Amino acid sequence: MNKALVIINPSSGKEKAEEYTDQIKEILKRRYERVEVKKTQGAGDARRFADEGTREGVELIVAVGGDGTVNEAVNGIAPHEKRPKFAIVPMGTVNDLARVLQIPLDAKEAVEMLSEEHLETIDLARANDRYFTNAMAVGRIPESIHEVSAEEKSKLGPLAYLWAGAKKLFENEKIGVKVTSREKEFEGELSAVVMSLTGQLGGIKDVFPEAKLQDGKIHILLVHELDLAETTKMLPEILSRRITESENMTYITTDQVTLEALDGKTYVSDVDGEEGPELPVTVEVLKSHLDVLVPEKEQ
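Calculation criteria
Residue positions within a chain follow its written sequence, with the count starting from 1. Two thresholds apply to this predicted model, a pLDDT of at least 70 for residue-level local features and 80 or more for giving and counting side-chain atom pairs, whereas whole-chain, interface and lining totals are computed over all residues. Side-chain measures here rest on the full set of heavy atoms in the structure, leaving out hydrogens and waters. For helices the rule is a DSSP run of H or I covering at least 4 residues; for strands it is a run of E covering at least 2, with both sets numbered from the N terminus onward. A 1.4 Å probe rolled over the protein chains alone gives each residue an accessible area, and that area as a share of the maximum for its type sets the label: buried under 20%, exposed over 50%, partly exposed in between. Residue contacts are defined here by distance: any two heavy atoms, one from each residue, within 4.5 Å place the two residues in contact. Throughout, the Shrake-Rupley method with a 1.4 Å probe supplies accessible areas, and for residues the shown protein chains are the sole cover considered. Of the two site types, the cavity is a set of points on a 1 Å grid over the protein atoms alone where a 1.4 Å probe fits but cannot get out, and the pocket is an open set with protein on both sides within 12 Å along at least five of seven lines, each lined by residues with an atom within 4 Å of a point. Grid points are joined across faces, edges and corners, and a volume is the space filled by probe spheres set on the points. Note on definitions: salt bridges are taken to be side-chain nitrogens of Lys or Arg within 4 Å of carboxyl oxygens of Asp or Glu. Polar contact is the term for a pair of N or O atoms within 3.5 Å; when the atoms are in protein, one must be able to donate a hydrogen and the other to accept it, and sequence-neighboring residues count only if both atoms are side-chain atoms. The definition of a nonpolar core used throughout is a set of buried Ala, Val, Leu, Ile, Met, Phe, Trp, Tyr and Cys residues joined through side-chain atoms within 4.5 Å. By definition, two strands form a pair when at least two bridges between them are found by DSSP. Note on geometry: axes are C-alpha line fits, over the in-contact stretch for helices, and angles between N-to-C directions span 0 to 180 degrees. Confidence per residue, as judged by the predictor, is encoded in pLDDT with a range of 0 to 100.

**What about the overall build of the protein?**
Working step 1: Scanning the protein from N- to C-terminus turns up 10 helices and 16 strands.
Working step 2: Relative to its 299 residues, the protein shows a buried fraction of 53%.
Working step 3: Taking all contacts inside the protein whose residues are at least 6 apart in sequence as the whole, residues at least 24 apart take part in 75%.
Working step 4: Counting only carbon and sulfur atoms, one obtains 45% of the accessible surface of the protein, whose full area is about 14,200 Å².

**Describing the layout of surface pockets**
Working step 1: Space inside the second largest pocket adds up to approximately 330 Å³.
Working step 2: Residue lining of the second largest pocket: 17 residues in total, with Val100, Thr198, Asp206, Ala211 and Lys212 positioned closest to the centre.

**Some words on the pattern of salt bridges**
Working step 1: Taken as a whole, this structure holds 11 salt bridges when the rule is applied.
Working step 2: In this structure, Glu56 engages Lys3 in a salt bridge whose closest nitrogen and oxygen atoms are separated by 3.2 Å. A residue pair is termed long-range when its members are at least 10 positions apart, and Glu56 in helix H3 (residues 45-56) and Lys3 in strand S1 (residues 3-8) qualify at 53 residues.
Working step 3: The partner of Lys85 in a salt bridge is Glu117, and the shortest N-O contact between them spans 2.6 Å. Taken as a pair, Lys85 in strand S4 (residues 85-90) and Glu117 in the loop between helix H6 (107-113) and strand S5 (118-127) lie far apart in primary sequence, 32 residues in all.
Working step 4: Residue Lys85 is classed as buried on the basis of its relative accessible area, which comes to 19%.
Working step 5: Here the salt bridges share partners, and the residues they tie into one network are Lys38, Asp45, Arg48 and Glu52.

**Side note on the side chain of Thr250**
Working step 1: Looking at the secondary structure, you find Thr250 in strand S12 (residues 249-254).
Working step 2: For Thr250, a relative accessible area of 18% translates into the label buried.
Working step 3: Here the side chain of Thr250 touches His224 through a polar contact of 2.8 Å, side chain to side chain.

**Details of helix H4 (residues 67-77)**
Working step 1: Within H4, 9 of the 11 residues are buried, which leaves the element mostly enclosed by the surrounding structure.
Working step 2: Regarding H4, the residues found buried are Gly68, Thr69, Val70, Asn71, Ala73, Val74, Asn75, Gly76 and Ile77.

**Concerning the nonpolar core**
Working step 1: Ranked by internal contacts, the top residues of the largest apolar core, which has 73 residues, are Leu28, Phe86, Val89, Met136, Leu259 and Val283.
Working step 2: By residue number, the principal contributor to this core is strand S16 (residues 281-294), which donates 8 residues.
Working step 3: Residues in contact with Leu259, not counting those within four places in the same chain, are Met136, Val138, Val177, Lys178, Val179, Val193, Met195, Leu279, Pro280 and Val281.
Working step 4: By size, the runner-up hydrophobic cluster in this structure holds 11 residues, among which are Leu201, Val207, Leu221 and Val223.

**Concerning the sheet that holds strand S7 (residues 135-139)**
Working step 1: Strand order in the open sheet made by the 6 strands is S12-S11-S10-S7-S14-S15, with antiparallel pairing throughout. Of all strands in the sheet, those bounded by a partner on one side alone are S12 and strand S15 (274-278). Going across the sheet, the axis of each strand differs from the next one's by a mean of 20°, ignoring polarity.
Working step 2: Pairing analysis gives 3 bridges linking strand S14 (residues 268-271) to S15, with the strands arranged antiparallel. When the bridges of S15 are listed, Val271 appears paired with Glu274.

**Some remarks on the confidence of the model for the protein**
Working step 1: Here the protein averages 84 in pLDDT, and 80% of its residues register 70 or above.
Working step 2: Throughout residues 156-170 the model reports pLDDT below 50, and contacts reaching past four residues in sequence, or to other chains, amount to 25 contacts.

**Let's talk about the pairing of S16**
On a regular strand, one side chain projects to one face of the sheet and the next to the other, so that they alternate.
Working step 1: Sheet topology note: the S5/S16 ladder contains 9 bridges and is antiparallel. By the bridge assignment for S16, Ala127 is matched with Val283.
Working step 2: Sheet analysis places strand S13 (residues 256-261) next to S16, joined by 4 bridges and oriented antiparallel. Following the sheet pairing, Leu259 is matched in S16 by Val281.

What follows is the structure in structure tokens.
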């Protein structure tokens, strides 16, 4: 019996995600003999549901929620040798992966897209034992993302993250870190280390113009200064897609990199907008690791 699993985060989409349950089931039942719906109640549920579904041999897993729900579901799927297809109904604050794959950000349109299975195979990355689809960052500003409450995200959307990060700009606290890859090494103080598979960060497209979801590479920026003055100076470079050429940045493209904290300090990473592993962290690209439902491409 072919089966689809739908994982819904009821608190996403301003607590409207559940409203699409019947429509999703109706569409999927045209293609799948059995459709099971599971609703998350707390952190880790989406990962556990996706892991259990993958072990049971479901053919499709649909994540209805924001970037956190998507990341958890991917972490349930990615460790397995045989992996189901994956679909997203984006209902979060930023929806980075959905944007990159041109999945409709309107939930109703994204649900209708499930009726046709056009697939795109994408790379994933693994940070120690944690998988991610888009970005990882280390530094005081990335850490500030974890201080944003669910209520603030619901009320302010992406502005909640901008506000949290802006408060850290005035502090300009640096981290001591060693960065090691085959292509380049660095040891010293940085304001942040930011890396992306997709080229998109925080809803901003083409921060890394060269990045493609199927290039087998992770694109890394070592940010030397990130105070208010430098950030203001860098804005035109970000908007004109020339950030990798900035004098304030060191740009690295690789398929594996290790980050280590210096002087015995503890630094926590941010992985796809959620709290990730502490340093030391080794990040490895897993090429062509996940099949994702996307809109039909125009010829």
